[in-house]
Amino acid sequence: MNRFKHAGVIGAGAWGTALAQVCARAGLAVTLQAREPEVVESIAARRENTLFLPGVALEPEIAAVADMAGLSSCDLILAVAPAQHLRSALKALAPHLRAGTPVVLCAKGVEQGTLKLMTEVAAETLPDAPLAVLSGPSFAGEVARNLPTAVTLACEDEALGRAIAEAIATPTFRPYIAGDMIGAEAGGAVKNVLAIACGIVEGKGLGRSAHAALITRGFAELTRLAMALGARAETVAGLCGLGDLVLTCSSPQSRNMSVGLALGGGMTLTEALAGKLSVAEGVASAPAVRDLATRLGVEMPICQAVAAILAGEAQVDAAIAGLLSRPLKSEA
Ligand SMILES: NC(=O)C1=CN([C@@H]2O[C@H](COP(=O)(O)OP(=O)(O)OC[C@H]3O[C@@H](n4cnc5c(N)ncnc54)[C@H](OP(=O)(O)O)[C@@H]3O)[C@@H](O)[C@H]2O)C=CC1
Ligand SMILES: O=C(CO)COP(=O)(O)O
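Residues numbered from 1 in each chain as written. Chains lettered and ligands numbered in written order. Predicted model: local features only at pLDDT ≥ 70, side-chain atom pairs only at ≥ 80, totals over all residues. Heavy atoms only, no water.

Points about the overall build of the chain
The helix and strand tally for the chain stands at 15 helices and eight strands. Computed over C-alpha atoms, the radius of gyration of the chain comes to 19 Å, within 12% of the 20 Å expected from 2.2 N^0.38 for 332 residues, which places it in the range of a compact globule. Projected onto the principal axes, the alpha-carbon positions of the chain cover approximately 55 × 40 × 35 Å. Put simply, the chain has 332 residues, and 55% of those count as buried. Here the analysis covers contacts within the chain between residues at least 6 apart in sequence; of these, 72% occur between residues at least 24 apart. Split by element, the accessible area of the chain, about 13700 Å² in all, is 57% carbon and sulfur. In the chain, the 26 positive side-chain charges and the 30 negative ones have mean positions that sit 2 Å from each other. (Helix = DSSP H or I, 4+ residues; strand = E, 2+ residues; numbered from the N terminus. Rg over C-alpha atoms; globule rule 2.2 N^0.38 Å. Buried < 20%, exposed > 50% of the residue type's maximum accessible area, 1.4 Å probe, protein only. Contact = heavy atoms within 4.5 Å. Areas by Shrake-Rupley, 256 points an atom, 1.4 Å probe, with all protein chains shown as cover. Lys, Arg positive; Asp, Glu negative; His and termini not counted. Charge placed at Lys NZ, Arg CZ, Asp CG, Glu CD.)

The structure is reproduced here in structure tokens:
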């Protein structure tokens, strides 16, 4: 028996739209909130999100609305606005959120300026809402087309986490339950920065060995930061950390990796982002991850190099040379 009946999804980008598909397939009524009138119109008229997820036929249970007020009857909210817009999106939701309605945070990033994780942003904007985090290897286009994956659903309240997982699970979308929300969100935020690094390695043609070494040393960085934030190592070794890192560092389908590919191929950041509607979260999160690492005294040379390249403080070749010439050290 499903405890939830009606999911509201904030943000009709590729991932919000894919998660609306998942919820509809799981048997929930779904209201998808989009800011762009053309997205609302295209979903209503053509059953397609022509702007962010073209070519995917949307389930009939999905209704699109422009106004947050349209989410007032939902008993489960999935917040899928990008990390830098989550605060404003949740503030706009607040007056329309029914008391006790759980909010599942699906963005992967760290807020610039405040250096806050998504659970911290949500705790400040919706202090009474029960929170959960959904993260893991999941390209929106694949999930929307019903290809299989497994993700982490983290919630401090185990019973609530289980109820949300049961409500949104389908034969092709398999949430594993965890209690460690910080681990789940730290994994998702840092892997985006590392995917830019992997793209640079690919774009420069540095080979498969460099790629594997970068993923492994990147995972060490991700784990160190997550644990300094209070996460458990086993969480980041799961779908939301290692799983998502492997996916995002392995395919040009990743927007983050494709930014890295362009940089490695000699483009500037402005050229790499030109004409792109979709977000590459690692670009905005890299400076925040770097500042967080500095604040917590965590060594993250790869993420620091990515942040320096994106900020125009270092050239790609010099950053690579700098990483390779660091003093030899213990692997642990
Ligand atoms: N795409 C993917 O495969 C996956 C993405 N994610 C994560 O999901 C989050 C959303 O990404 P995704 O759906 O791909 O985004 P897209 O790049 O597809 O779409 C852009 C999103 O940004 C939103 N947006 C743009 N400007 C603003 C603004 N000023 N205020 C509020 N919202 C704004 C849009 O909201 P609106 O529709 O209202 O215009 C839209 O949801 C990111 O954190 C990403 O890392 C996680 C897993 C997979
Ligand atoms: O988070 C993702 C897959 O799990 C999507 O990655 P990109 O945002 O890099 O496309």
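Additional details are given in the paragraphs that follow.
Brief notes about the pairing of strand β8 (residues 173-178)
Within a regular beta strand, the side chains point alternately toward one face of the sheet and then the other, so they alternate between its two faces. The sheet contact formed by strand β7 (residues 149-154) and β8 spans six bridges and is parallel. Among the inter-strand pairings, Ala150 is bridged to a residue of β8, identified as Arg174. Crossover handedness for the path β7 to helix α6 (residues 158-168) to β8: right-handed. (Pairing = 2+ DSSP bridges. Right-handed = clockwise from strand over helix to strand, strands pointing away.)

So, the confidence of the model for the chain
The predicted model of the chain averages 97 in pLDDT, with 100% of residues at 70 or higher. Model confidence for the complex: the whole-complex pTM is 0.98, and ipTM, which rates the interface, is 0.97. (pLDDT = per-residue confidence, 0-100.)

Description of the UniProt feature "binding site: substrate" (unreviewed entry) in the chain
Taking the numbering used here, the UniProt-annotated feature "binding site: substrate" (unreviewed entry) corresponds to Lys108, Arg255 and Asn256. Considering the C-alpha atoms alone, the annotated residues occupy 149 residues of sequence yet fold into one spot, their largest mutual distance being 12.7 Å. Taken from the residues named earlier, the lining of the largest pocket is made up of Lys108, Arg255 and Asn256. Mapping Lys108 onto the fold places it in the loop between β5 (103-105) and α4 (118-125). Judged by its relative accessible area of 13%, Lys108 is buried. (UniProt positions renumbered as here; feature names shortened; annotations may be inferred. 1 Å grid on protein atoms, 1.4 Å probe; cavity = no way out; pocket = protein on both sides within 12 Å on 5 of 7 lines; lining within 4 Å.)

Here's the deal with the nonpolar core
Residues Val190, Leu225, Leu263, Val289 and Met300 are the most contacted members of the largest nonpolar core, which totals 49 residues. Within the residue set of this core, elements represented by two or more residues are α7 (181-203), α8 (208-228), α11 (255-264), α12 (269-273), α13 (281-296), α14 (301-310) and α15 (316-324). Broken down by element, the residue count for this core peaks at 11 residues, all from α7. No fewer than three residues from each of domain 1 (6-179) and domain 2 (182-325) sit in this core. Setting aside its immediate chain neighbours within four residues, Val289 contacts Val110, Val190, Val193, Leu225, Met300 and Cys303. Formed by 44 residues, the second largest nonpolar core is a distinct cluster that contains Leu32, Ala132, Val151 and Phe173. (Core = buried A, V, L, I, M, F, W, Y, C linked by side-chain atoms within 4.5 Å. Domains from an automatic or database assignment.)

A closer look at the side chain of Asp244
Residue placement: Asp244 occurs in helix α10 (residues 239-248). Excluding residues within four positions of it along the chain, Asp244 makes contact with Lys108, Ser135, Gly136, Pro137, Ser138, Lys191 and Leu239.

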